[in-house]
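Spelled out, the chains give:
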Amino acid sequence: MSNTEATTAAEQEFSPGAQALLKNLQEMLNEEKWTRATLGNYSTSQFKELDVILKNARDEKVIDELKKNCDTHLTHTRNSLIALYLSGMVALSRQIIDDSAMINLVSIFLDNHKWGIVKYLCERILDYGESKFALRTLADCYKNDNEEELVYGVWERLVKADFEEADIAKALAEHYEKQGKKEESIDFYKKALHRYINKSNFANVREIWDKLLVSNVEDIDFFMHIQKKIAKTISEDRAVVLLNDLYAKYKDIDIDIAINILKIVLEYDEKDVQGRREIIECFKKKYAEHSQLDEYIRISNLSQNYRDVHQAISDFEKHIAFDKGNYVYHRTWGVGRIASIQGDEIRIDFAKKRGHSMSLKMAVDALQTLSKDHIWVLKATKKKEELREKVKSDLIWTLKTIIKSFENSCDMKKIKAELSPSLLSAGEWSTWNGKARDVLKSNPEFGVNQDNIDVFTVRDRPVSVTEKYYNEFNAQKNFFDRISIMRDFINSSGTDFDSEYFPEMLSYFSSFLRSASDTTEQVASYLLIKEISAKYPPVSSSLSVNFEDIFAKIKDIPALFKNFKDAKFKEELLQNIKLYTGNWPDVYIKLFPCALMPLIITHLEKEGYENKLTAMCNDLFENFRDNREALVWLFKNSKDAPWFKAANIGIEKQLITLIHILNITYRDIENHKDTVENRKINKLVYNILFKDGELTSFLDGADEDTIIRLFTFINDVKDLDPQDKLNLRSRILDKRPDFKFFGDAEKKVSRGLMVTQAMYEEKKKQLTHIMEDEIPANSKEIEYALSLGDLRENAEYKAAKEKQEQLNSQIAKLKEDLDRAQLFDPNSINTSRVSFGTKALLLNETSGQREEYTILGPWESNPENNIISYLSPFGSVILNKTDGEKFEFVINNERISYCVEKITPAVI
């Protein structure tokens, strides 16, 4: 069959208007002639006419067939302008990553210098989102037209869309530098710097670093971040070169920053002699007024190259903290203040040990130096009430004080230890803690530790919102927690998508798109980038794969769906499956038992797939053991839907299935199998059957055989509360007073312990009293007895342990009895025979006297008042005897004859 014949056959499935459109398209494709003359005559108007065809194809719902015909045509006529444009525009509208058709089309006109058409086509591509190819080509068009300002505008868009483009970012920086626009210039220099680092182009990195040292030297956090990235991406040696330049700038600006720079240099190269000399000079400058400066440099061997430089710096900094007037802490004596240092002797005033002397060496080893603003110093030197009020009124000051007190690294547990209960009560701490967490999250003066997101730091300089999120992102190691941070970032009011921190976070997720390992993370990354691109369109260029390609690699769709804990991701996954997967209805049906999302039902109903829902319904009921939660969800939310009713599953079967699930979940809970999930399902089923009234509503109108069947199933659910069974029985008898539960008493007697409601509640109270009152009291007795010492001669301990054993035995017995208990329904008393809850009047034929007995259970038994247990020797003999029946009972070798004269209901 020819292509034309195949097309004609396919067209017959469509409306007359659609058939005419497809036929016209085929004629256009067949008549199209490829010559340079026709190419030269092409203008944008022809493409606008093709746009009309696209619109009509969408209206007629034949856009898929149109693309299919164009793609088929391109297999043998690869340079067809019509087919390339139509196929390419459909692909763009669906955000399919493969844009080769439009690229080929643009290239044809570019090669023929048709700049007007090239510009038009690029703008059409950009109507559907940022495209690196279209932006570069459009910039070339503006260059050709000498429209320089427009070139720079397109370049800015390109730099946002292409996170790897460095040369254009640098060109933009130089452009704005010439115009005197400092902020714009710095911003693009920073972008270029990050990108050249990623390309390991150190020559350009150093050129831009030097420029920023002149124009933006105060941004020390940026330089520190960059040097770390250079050390990791290029080499530590290269980072040292740039750090030395940075140090030269800062040694006369900020001595503390200069020292930190030199420490980093020496971390990268501990043999750096010049770095060692420079840090000594910085220490001399910083501590010029210190009385022991030269001595401490000598003691630490800081100037001796044979000594490990890191150990020498550490020793020096430990010693230099010891000077007259400084504070120290001893684990026994608490906070003290240095009164004097003379030679190797140091004298300290502690609160309870004033004038204490020790050697300097011992002091360095035994004492912790504290700043005057350390929280321990403040607690020791300020009035408690004054400090308490300060803590309550100035939350930011308190957080900064405590965090800085512990080497600028502190979690909430440590903060709480310093404040509660010493300064804040438990209730005050709860309120303070909530406010503190909000401050730590939002205030730019606070950050998180790069290795632990739960540890907070105080920033020397406030950071931008973007950098704050970036630091939290790096500190967080969990994939889905990083997604949460990225979401917070894109939804924050202070978000700066143009910051170079954003591409670094984004690259983490885009790297998964190229990965072939973890499909869950790949799908999640794809969905997240699409979500971001909705807020920031240039990001769409980071989608390097199609959803169809990712989805094709998924081996277990339900398992992947379960891995998504995020409801928004689940919805987006379903939307993408529907958009890009041909067999989406079958995928939806497969996903439903684990997804349980109304969206699945809604989409299938809307698109007319009720037959699939009906088949799914039947399958769930047939395989209810493996689909418990899905079946319960379906019953609760869709039982009135036409497709559910079309499954023709009788209400009785539905209820029996739910009762089976109730029983199964009770057993699984008892066996500790998926306890949380089974408790949830069990509660749902229980509510449907008993609280929502589904069971009683059905039984009210059911026939006798159906009632017996359903009540039997309910009665067989061992762990169901006996009161629920009793209530159901009473409801049946209310509606049908003459209804008989044959053999029920015998079943209960054989299977459990018959009890009255009053005694059942009394036993429960006894158990509660023992567990909540007597057991704790006994524990205190044991604790006290242990405190008395030697257990071998400890009578109190032995007595307490014996009582503990007795209590445990009582608890075990009560629990066992309560588990066996079968609540008796007073409405079920049957006076046709002697049974539980009846009163029997007997004639003692041996003595000629009449005797009356009430038949109850062992819990209610009271022989003195003629209340006997049905389990007692006499009770078991009299049980089930009828009016007028005679029997004998042997006691103490005496045979006594009885005759039942009357059976009446007992008052219970």
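Refer to the structure presented above.
Residues numbered from 1 in each chain as written. Predicted model: local features only at pLDDT ≥ 70, side-chain atom pairs only at ≥ 80, totals over all residues. Heavy atoms only, no water.

## Overview of the overall build of the protein chain
To keep things clear, this is the line we draw: Under the scheme used here, helices are H or I runs from DSSP no shorter than 4 residues and strands are E runs no shorter than 2 residues, and both carry numbers assigned from the N terminus. The quantity called the radius of gyration is restricted to C-alpha atoms. Its globule counterpart is 2.2 Å times the number of residues to the power 0.38. Relative accessibility under 20% of the residue-type maximum defines a buried residue, over 50% an exposed one, and the middle range a partly exposed one, all with a 1.4 Å probe and only protein chains included.
Counting its secondary structure elements, the protein chain contains 46 helices and 14 strands. Taking 29 Å as the expected radius of gyration for a compact globule of 908 residues, we find that the protein chain reaches 43 Å, considerably beyond that expectation. Reported as C-alpha extents along the three principal axes, the dimensions of the protein chain are approximately 130 × 110 × 45 Å. Here the protein chain holds 908 residues, and the buried ones make up 48% of them.

## Section: the packing of helix H36 (residues 628-638) against helix H38 (residues 651-670)
Defined as follows: To define axes, lines are fitted to C-alpha atoms, for helices over the stretch in contact only, and angles between the resulting N-to-C directions are given on a 0 to 180 degree scale. By definition in this entry, angles of less than 35 degrees are roughly parallel, angles greater than 145 are roughly antiparallel, angles of 65 to 115 are roughly perpendicular, and the rest are oblique. In this scheme the crossing of two helices becomes right-handed for a clockwise turn of the near helix relative to the far one and left-handed for an anticlockwise turn of less than a right angle. We call two residues contacting when some pair of their heavy atoms lies within 4.5 Å.
Closest axis-to-axis distance for the H36/H38 pair is 11 Å, and the angle between their directions is 140°. If you check the angle between H36 and H38, you find them oblique. H38 is crossed by H36, and the crossing has left-handed handedness. Where H36 abuts H38, its residues Arg628, Leu631, Val632 and Phe635 lie against Gln654, Thr657, Leu658, Ile661, Ile664, Thr665 and Asp668.

## Section: the pairing of strand S3 (residues 345-350)
Note the following rule: In this scheme, strands are said to pair when DSSP sees at least two bridges between them.
Burial of the side chains of S3 is restricted to one face: Ile346, Ile348 and Phe350 are buried, whereas none of Glu345, Arg347 and Asp349 on the reverse face is. Bridging between strand S2 (residues 334-342) and S3 involves six bridges; their strand directions are antiparallel. Residue isoleucine 338 lies in a different strand from S3, and its bridge partner there is isoleucine 348. In this structure, the hairpin formed by S2 and S3 is closed by a connection of two residues, where glycine 343 is found at a positive phi of approximately 65°. The pairing of S3 with strand S4 (residues 353-359) spans five bridges and is classified as antiparallel. Looking at S4, one finds that glutamate 345 is bridged to serine 359.

## Brief notes about helix H11 (residues 167-178)
Note the following rule: The span you would expect from a helix comes to 1.5 Å times its residue count less one.
For H11, built from twelve residues, the straight-helix expectation of 16 Å at 1.5 Å per residue is met to within 8% by its first-to-last C-alpha distance of 17 Å. Along H11, the residues classified as buried are Ile168, Ala169, Lys170, Leu172, Ala173, His175 and Tyr176. On its buried face, H11 sits against helix H9 (132-144), helix H10 (148-161), helix H12 (182-198) and helix H13 (202-215). Trailing H11 by a residue or two, glycine 180 shows a phi angle of about 80°, which is positive.

## Section: the sheet that holds strand S14 (residues 894-905)
Taken in spatial order, the five strands line up as S12-S11-S10-S14-S13 in an open sheet, and their pairing is mixed. Either end of the sheet is taken by a strand with one partner, and the two such strands are strand S12 (867-869) and strand S13 (886-891). Pairs of neighbouring strands in the sheet enclose a mean axial angle of 45°, with direction left out of account.

## Some points on the pattern of salt bridges
Worth spelling out the cut-off: A side-chain nitrogen of Lys or Arg and a carboxyl oxygen of Asp or Glu constitute a salt bridge if their distance falls within 4 Å.
The final tally for this structure, using the stated rule, is 54 salt bridges. Note that aspartate 127 is salt-bridged to arginine 124, the shortest N-O span being 3.0 Å. With a relative accessible area of 54%, aspartate 127 lands in the exposed category. Two residues, lysine 379 and glutamate 418, come together in a salt bridge whose shortest N-O distance is 3.2 Å. With lysine 379 in helix H21 (residues 375-381) and glutamate 418 in helix H24 (residues 412-419), the pair connects residues that are 39 residues apart, well separated along the chain. For lysine 379, a relative accessible area of 29% corresponds to the partly exposed category.

## Notes on a negative patch on the surface
Applicable threshold: For patch detection, residues must exceed 30% relative accessible area and be free of salt bridges, and they are connected within 9 Å for like charges or within 5 Å for nonpolar side chains (Val, Leu, Ile, Met, Phe, Trp, Tyr). Computed by Shrake-Rupley with a 1.4 Å probe, the accessible areas treat only the displayed protein chains as cover when residues are assessed. Positive charges are assigned to Lys and Arg, negative charges to Asp and Glu, while His and the chain termini are left out of the count. The atoms used to mark charge sites are NZ of Lys, CZ of Arg, CG of Asp and CD of Glu.
Judged by side-chain charge, Glu236, Asp237, Asp269 and Glu270 come together as a negatively charged surface patch. Take glutamate 236: its relative accessible area is 38%, and that puts it in the partly exposed class.

## Concerning the nonpolar core
Heads up, the condition is: Each nonpolar core is a collection of buried residues, namely Ala, Val, Leu, Ile, Met, Phe, Trp, Tyr and Cys, held together in the definition by side-chain atoms within 4.5 Å.
Among the nonpolar cores identified, the biggest contains 122 residues, and Phe47, Leu66, Tyr85, Phe109, Leu121 and Phe322 are the most heavily contacted of them. Residue contributions to this core peak at ten residues, all from helix H16 (residues 255-268). When neighbours within four sequence positions are excluded, phenylalanine 322 is seen to be in contact with His290, Tyr296, Val328, Ile338, Ile341, Ile346, Leu360, Ala363, Val364, Leu367 and Thr369. If you look at the next biggest cluster of nonpolar residues, it comprises 99 residues, including Ile483, Ala595, Phe624 and Ala641.

## Notes on the sheet that holds S4
Taken in spatial order, the five strands line up as S4-S3-S2-S1-S5 in an open sheet, and their pairing is antiparallel. Whereas interior strands pair on both sides, the edge strands pair on one side only; in this sheet they are S4 and strand S5 (368-370). Across the sheet, the mean angle from the axis of one strand to that of its neighbour is 40°, orientation sign disregarded. Bridge count between strand S1 (residues 327-330) and S2: four bridges; the pairing is antiparallel. By the bridge assignment for S2, valine 328 is matched with glycine 336.

## Some details on the environment of phenylalanine 406
Along the polypeptide, phenylalanine 406 turns up in the loop between helix H23 (395-405) and H24. Owing to a relative accessible area of 15%, phenylalanine 406 belongs among the buried residues under this scheme. Once residues within four sequence positions are removed from consideration, phenylalanine 406 is found in contact with His374, Ile375, Trp376, Lys414 and Glu418.

## A word on the packing of aromatic side chains
Here is the rule: Working definition: a ring pair exists when centres of Phe, Tyr or Trp rings (six-membered ring for Trp) sit within 6.5 Å. Plane angles under 30 degrees give stacked, over 60 give edge-to-face, the rest tilted. Put simply, a charge is over a ring when the Lys NZ or the Arg CZ is close to the ring centre, within 6 Å, and near the line of the ring normal, within 35 degrees.
One pass over the full model with this rule turns up 50 aromatic pairs. When the ring of tryptophan 376 is compared with that of phenylalanine 406, the centres are 5.6 Å apart and the planes differ by 75°; the resulting orientation is edge-to-face. Taken together, the residues tryptophan 376 in helix H21 and phenylalanine 406 in the loop between H23 and H24 connect sequence positions 30 residues apart. Joined through ring pairs, the aromatic side chains of Phe473, Phe479, Phe480, Tyr508, Phe509, Phe512, Phe564 and Phe569 make up one cluster. A cation sits over an aromatic face here: arginine 482 above tyrosine 508, 4.5 Å from the ring centre.

## Digging into the environment of glycine 447
Relative to the helices and strands, glycine 447 is located in strand S6 (residues 446-449). Of the residues examined, glycine 447 reaches a relative accessible area of 6% and is grouped as buried. Taking the C-alpha atoms as reference points, glycine 447 and glutamate 467, 20 residues apart in sequence, are found 9.4 Å from one another.

## Some words on the packing of helix H14 (residues 220-233) against H16
Here is the rule we go by: Each residue gets one label: Ala, Val, Leu, Ile, Met, Phe, Trp, Tyr, Cys and Pro are nonpolar, Asp, Glu, Lys and Arg are charged, and the others, such as Gly, are polar.
Contact geometry of H14 with H16 gives a least axis separation of 13 Å together with a crossing angle of 5°. Here H14 lies roughly parallel to H16, going by the angle between them. Within the contact between the two elements, H14 uses Ile220, Met224, Gln227, Lys228 and Ala231 and H16 uses Ile257, Ile261, Ile264 and Tyr268. Of the residues in the contact of H14 with H16, the class split is seven nonpolar, one polar and one charged.

## Brief notes about helix H25 (residues 426-442)
When the terminal C-alpha atoms of H25 are compared, their 25 Å separation across 17 residues agrees well with the 24 Å that a helix rising 1.5 Å per residue should span. Of the residues making up H25, those classed as buried are Trp429, Trp432, Asn433, Ala436, Val439 and Leu440. Contact partners of the buried residues in H25: helix H22 (384-393), H23, H24, S6, strand S7 (452-458) and helix H26 (465-475).

## Some details on the environment of aspartate 700
With respect to the helices and strands, the residue aspartate 700 is situated in helix H40 (residues 694-700). With 31 residues separating them in the primary sequence, aspartate 700 and arginine 731 have C-alpha atoms 8.5 Å apart. Ignoring sequence-local partners within four residues, the contact set of aspartate 700 consists of Arg731 and Lys735.

## Some remarks on unusual backbone geometry
Following serine 420, the chain continues to proline 421 via a peptide bond in cis, the omega torsion being 10°. If you trace the backbone, proline 421 turns up in the loop between H24 and H25. Of note, asparagine 146 is a non-glycine position whose phi angle comes to about 60°, a positive value. Residue placement: asparagine 146 occurs in the loop between H9 and H10. If you check the backbone angles, histidine 672 has positive phi at about 55° while not being a glycine.

Any functional reading would require information that these geometric values do not contain.
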